[in-house]
Amino acid sequence: GEDVEQSLFLSVREGDSSVINCTYTDSSSTYLYWYKQEPGAGLQLLTYIFSNMDMKQDQRLTVLLNKKDKHLSLRIADTQTGDSAIYFCAESPLSGGYNKLIFGAGTRLAVHP
Amino acid sequence: SAVISQKPSRDICQRGTSLTIQCQVDSQVTMMFWYRQQPGQSLTLIATANQGSEATYESGFVIDKFPISRPNLTFSTLTVSNMSPEDSSIYLCSVVSRQGVPRDEQYFGPGTRLTVT
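Residues numbered from 1 in each chain as written. Chains lettered and ligands numbered in written order. Predicted model: local features only at pLDDT ≥ 70, side-chain atom pairs only at ≥ 80, totals over all residues. Heavy atoms only, no water.

1. Re the overall build of chain B
So, step 1. Across its full length, chain B carries zero helices and eleven strands.
So, step 2. When the helices and strands of chain B are read in sequence order from the N terminus, they spell out β-β-β-β-β-β-β-β-β-β-β.
So, step 3. Taking 117 residues into account, the globule formula puts the C-alpha radius of gyration at 13 Å, and chain B, at 13 Å, falls close to it.
So, step 4. The principal-axis extents of the C-alpha atoms in chain B amount to approximately 40 × 25 × 20 Å.
So, step 5. Scored against the burial criterion, the 117 residues of chain B give a buried share of 50%.
So, step 6. Within chain B, contacts between residues separated by at least 24 positions form 55% of all contacts whose residues are at least 6 apart in sequence.
So, step 7. In the form shown here, chain B has an accessible surface area of approximately 5,500 Å², with 46% of it arising from carbon and sulfur atoms.
So, step 8. Between the mean site of the 9 positive side-chain charges and the mean site of the 9 negative ones, chain B shows a separation of 5 Å. (Helix = DSSP H or I, 4+ residues; strand = E, 2+ residues; numbered from the N terminus. Rg over C-alpha atoms; globule rule 2.2 N^0.38 Å. Buried < 20%, exposed > 50% of the residue type's maximum accessible area, 1.4 Å probe, protein only. Contact = heavy atoms within 4.5 Å. Areas by Shrake-Rupley, 256 points an atom, 1.4 Å probe, with all protein chains shown as cover. Lys, Arg positive; Asp, Glu negative; His and termini not counted. Charge placed at Lys NZ, Arg CZ, Asp CG, Glu CD.)

Now the structure itself:
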């Protein structure tokens with residue numbers, strides 16, 4: 001089946017690291033994505049990881065993938081107030097031709113001083 | 001990257017009426033999709049808009065309720081028919097520029113916020 005789960009809320013202090021976790025079910029997914037949605041805005045692709053990778057780093061963002069456990073995480077270093085948003089994990093299963101995205105419910109990140 | 005615009009950006013409609021949402025892309029794309037984001041929920045794929053043929057609907061969505069058109073490679077419409085308050089959602093258009101290449105980024109439009117009273 002296709003299912004992506006995330007915790008719904010995370011609160012961190014400005015300057016700390018944030019870690020958002022996600023589990024997915026479809027092992028055929030070749031790519032896994034993190035999207036960001038700011039209030040009143042559409043979705044912005046933050047980063048993605050290919051399924052044969054364990055880790056991908058992109059500036060302040062680090063994605064870790066445990067394919068055996070089907071667990072994905074997004075770490076944001078030095079979290080800023082501008083990082084406050086909803087973060088969606090998404091998988092792209094083979095059954096959807098890799099273009100159909102299955103989203104998690106989203107994790108609302110709140111950054112406080 | 002593709003730039004996507006949607007019209008209207010928001011609307012308040014009465015139950016029983018229909019609303020057509022437009023999605024315009026600034027470049028030709030191979031695939032266009034329509035998603036729904038219900039309040040506090042994640043995004044759910046409604047259908048894939050196919051150019052020149054009927055859209056491909058996901059389980060739980062039907063053409064009579066959500067008719068879709070895609071007359072060319074840069075434009076699509078989604079109609080929400082015979083609306084009820086349960087249809088209150090954000091409707092998002094997304095595109096992929098190259099079909100069959102897994103890694104391609106899906107670009108999302110800003111969404112149309114629909115409230116049905």
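Still more to cover.
2. Digging into the sheet that holds strand 1 (residues 4-7) of chain B
All names here are of chain B.
So, step 1. With antiparallel pairing, four strands are arranged side by side in an open sheet as 1-3-8-7. In the strand order of this sheet, the two ends are held by strand 1 and strand 7 (68-72), each with one partner. Strand-to-strand twist across the sheet, computed as the mean angle between neighbouring axes with direction ignored, equals 15°.
So, step 2. The pairing of strand 3 (residues 19-25) with strand 8 (residues 75-80) spans six bridges and is antiparallel. Looking across to strand 8, one finds that Gln22 is bridged to Thr77. (Pairing = 2+ DSSP bridges. Axes fitted to C-alpha atoms, helices over the stretch in contact; angles between N-to-C directions.)

3. What to know about the layout of surface pockets
So, step 1. Of the voids in this model, the largest pocket is the one considered here, and its volume is about 610 Å³.
So, step 2. Looking at the largest pocket, it is lined by 32 residues, and the ones nearest its centre are A:Gln37, A:Ile86, A:Arg108, B:Gln37 and B:Ile90.
So, step 3. Contributing elements (two or more residues each) for the lining of the largest pocket: strand 9 (85-91) and strand 11 (107-112) of chain A together with strand 9 (89-96) and strand 11 (112-116) of chain B.
So, step 4. Of the residues contributing to the lining of the largest pocket, the split by class is 13 nonpolar, 15 polar and four charged.
So, step 5. As for the second largest pocket, its lining consists of twelve residues, and the residues nearest its centre are A:Ile102, A:Phe103, B:Leu43, B:Thr44 and B:Leu45.
So, step 6. Those elements that provide at least two residues to the lining of the second largest pocket are strand 10 (102-103) of chain A together with strand 5 (43-49) of chain B.
So, step 7. Here the residues of the lining of the second largest pocket sort into six nonpolar, two polar and four charged. (1 Å grid on protein atoms, 1.4 Å probe; cavity = no way out; pocket = protein on both sides within 12 Å on 5 of 7 lines; lining within 4 Å. Points joined across faces, edges and corners; volume = space filled by probe spheres on them. Nonpolar A, V, L, I, M, F, W, Y, C, P; charged D, E, K, R; others polar.)

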